[in-house]
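Single-letter residue listing:
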Amino acid sequence: MNSNPGTPRFSILTVTFNAEPFIERTLKSVASQTYSNYEYYIIDGVSRDRTLELCESYSSIITRIISEPDKGLYDAMNKGIRIAKGDYLIFLNAGDQFKDVNTLQLVADAIIGNGDKWPDVVYGETEIVDDNGEFVRMRRLSTPETLDWKSFRDGMLVCHQAFWASRKLAIEELYDLSYRFSSDFDWCIRIMKRSGLYLNTHLTTIRYLQGGMSIKNHRASLMERFSIMAGHYGWLDTVLRHVWFILRAVIKK
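An account of the accompanying structure is given in this report. (Residues numbered from 1 in each chain as written. Predicted model: local features only at pLDDT ≥ 70, side-chain atom pairs only at ≥ 80, totals over all residues. Heavy atoms only, no water.)

The next point concerns the side chain of Glu-224. Topologically, Glu-224 is positioned in helix 8 (residues 218–233). Within the buried set, Glu-224 has no salt-bridge partner at all; the shortest N-O distance to an opposite charge, 6.2 Å, is to Arg-180. Side-chain polar atoms of Glu-224 contact the backbone nitrogen of Phe-181, separated by 3.0 Å. For Glu-224, the residues in contact, after removing those within four places along its chain, are Ser-178, Tyr-179, Arg-180, Phe-181, Ser-182 and Ser-183. (Helix = DSSP H or I, 4+ residues; strand = E, 2+ residues; numbered from the N terminus. Buried < 20%, exposed > 50% of the residue type's maximum accessible area, 1.4 Å probe, protein only. Lys, Arg positive; Asp, Glu negative; His and termini not counted. Salt bridge = Lys/Arg side-chain N within 4 Å of Asp/Glu carboxyl O. Polar contact = N/O pair within 3.5 Å; in protein donor to acceptor, adjacent residues only side chain to side chain. Contact = heavy atoms within 4.5 Å.)

Rendered as structure tokens:
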């Protein structure tokens, strides 16, 4: 990214569809942030429960609510990318939360403290939480100290919600709708291919609600990820790495 004056503006994007049980947790998390230089969009797929009613009750922090039919999660995410105007995109789905009330402030401070040239991608650690918002485990023991597009040969090393990409890059790399469950994996790789500067915040930034779409459709998601990896890294490398994944799982038993 080019040099930027001032403070970074974050575009927070929440995709919803019949998310009544979990959406208020996310809304409260955004509303509690001490850092105010953000915009917040709700992209809804015409929910039939109280999702929109709950969102409207937080209208003071929401820039815009869009509720219309879509072609699925990634189509809705593309809508969000197209309307966002901030410096960085944050996909915070229903049930997800920022780790603390000062998460955005801490990340903004890290970006500014990194020098005059802001990074293309900012990333951090992720906590997994259950339906009640209780801590389950860390998603990984630690994220990679350094990151590039080849890093994801070993899988999704950084949670999508904790991978904050420059909007200027994202608008040129929309989600591929041919992937139903793992387009975020492909998207992150394509973003990283175009990135020149990464920032590991060394912060836990996100509390992620376990049981997302890729978990619920685990087999189909794995098949898509294999295809995505083969497309980016080659079939031979992908096959050999999956053989190693299997051997490693057997050894751990």
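This is not the end of the story, as more comes after the structure.
Residue position: Glu-125 is located in strand 6 (residues 121–129). Lacking a salt bridge, the buried Glu-125 has Arg-140 as its closest oppositely charged neighbour, with an N-O distance of 7.0 Å. A polar atom in the side chain of Glu-125 sits 3.1 Å from the backbone nitrogen of Thr-143. Residues in contact with Glu-125, not counting those within four places in the same chain, are Met-138, Arg-140, Ser-142, Thr-143, Ala-162, Leu-203, Thr-204, Thr-205 and Ile-206.

As enumerated under the stated definition, the model contains one cavity of 30 Å³ or more in all. In this structure, the largest cavity encloses a volume near 40 Å³. Lining the largest cavity are Gly-124, Glu-125, Thr-126, Met-138, Arg-139, Arg-140, Thr-143, Leu-157, Val-158 and Cys-159. Class assignment for the residues of the lining of the largest cavity results in four nonpolar, three polar and three charged. (1 Å grid on protein atoms, 1.4 Å probe; cavity = no way out; pocket = protein on both sides within 12 Å on 5 of 7 lines; lining within 4 Å. Points joined across faces, edges and corners; volume = space filled by probe spheres on them. Nonpolar A, V, L, I, M, F, W, Y, C, P; charged D, E, K, R; others polar.)

What follows is about the pairing of strand 1 (residues 10–16). Among the seven residues in strand 1, seven count as buried, and that is most of the element. Of the two faces of strand 1, both are covered, the one formed by Phe-10, Ile-12, Thr-14 and Thr-16 as well as the one formed by Ser-11, Leu-13 and Val-15. One ladder, built from seven bridges, connects strand 1 with strand 2 (residues 38–44); its direction is parallel. Looking at strand 2, one finds that Val-15 is bridged to Ile-43. In this view, the connection linking strand 1 to its parallel neighbour strand 2 by way of helix 1 (residues 20–31) has right-handed handedness. Pairing analysis gives four bridges linking strand 1 to strand 4 (residues 88–91), with the strands arranged parallel. Within strand 4, the position partnered with Ile-12 by the bridge is Ile-90. (Pairing = 2+ DSSP bridges. Right-handed = clockwise from strand over helix to strand, strands pointing away.)

Now for the environment of Gln-161. You can see Gln-161 is positioned in the loop between strand 7 (135–138) and strand 8 (163–166). When its relative accessible area of 5% is taken as the criterion, Gln-161 is described as buried. Spatially, the C-alpha atom of Gln-161 lies 27 Å from that of Asp-237, the residues being 76 residues apart in sequence. Ignoring any residue separated from it by four or fewer positions in sequence, one finds Gln-161 in contact with Ile-90, Phe-91, Leu-92, Asn-93, Asp-96, Ile-206 and Tyr-208. Within the structure, Gln-161 has its side chain in polar contact with the side chain of Asp-96 (distance 2.9 Å).

Simply put, the disulfide is a covalent bond whose two ends are the sulfur atoms of two cysteines. Scanning the entire structure with this criterion turns up zero disulfides. The thiol sulfur of Cys-159 is not disulfide-bonded, and the nearest other cysteine sulfur, from Cys-188, lies at 9.0 Å. (Disulfide = S-S within 2.5 Å.)

A cluster of nonpolar side chains, contributed by Trp-235, Val-239, Val-243, Leu-247 and Ile-251, occupies part of the molecular surface with about 520 Å² of accessible area. Mapped onto the elements, Leu-247 comes out in helix 9 (residues 235–252). (Patch = residues over 30% accessible without salt bridge, like charges linked within 9 Å, V, L, I, M, F, W, Y side chains within 5 Å. Areas by Shrake-Rupley, 256 points an atom, 1.4 Å probe, with all protein chains shown as cover.)

What follows covers the packing of aromatic side chains. Evaluation of the coordinates by the stated rule reveals 12 aromatic pairs. For the pair Phe-163 and Trp-187, a centre-to-centre distance of 6.2 Å together with 70° between the ring planes defines the contact as edge-to-face. With Phe-163 in strand 8 and Trp-187 in helix 6 (residues 183–194), this residue pair connects regions lying 24 residues apart in the sequence. As far as burial versus exposure is concerned, Phe-163 and Trp-187 are alike and both buried. Each member of the aromatic cluster is reached from another via a ring pair, and the members are Phe-10, Tyr-35, Tyr-88, Phe-98 and Trp-164. Between Lys-193 and the ring centre of Trp-149, over which it is positioned, the NZ or CZ distance is 4.7 Å. Arg-225 extends its terminal NZ or CZ atom over the ring of Phe-185, reaching a point 5.2 Å from the ring centre. (Phe/Tyr/Trp six-rings, centres within 6.5 Å; stacked < 30°, edge-to-face > 60°. Lys NZ or Arg CZ within 6 Å of the ring centre and 35° of its normal.)

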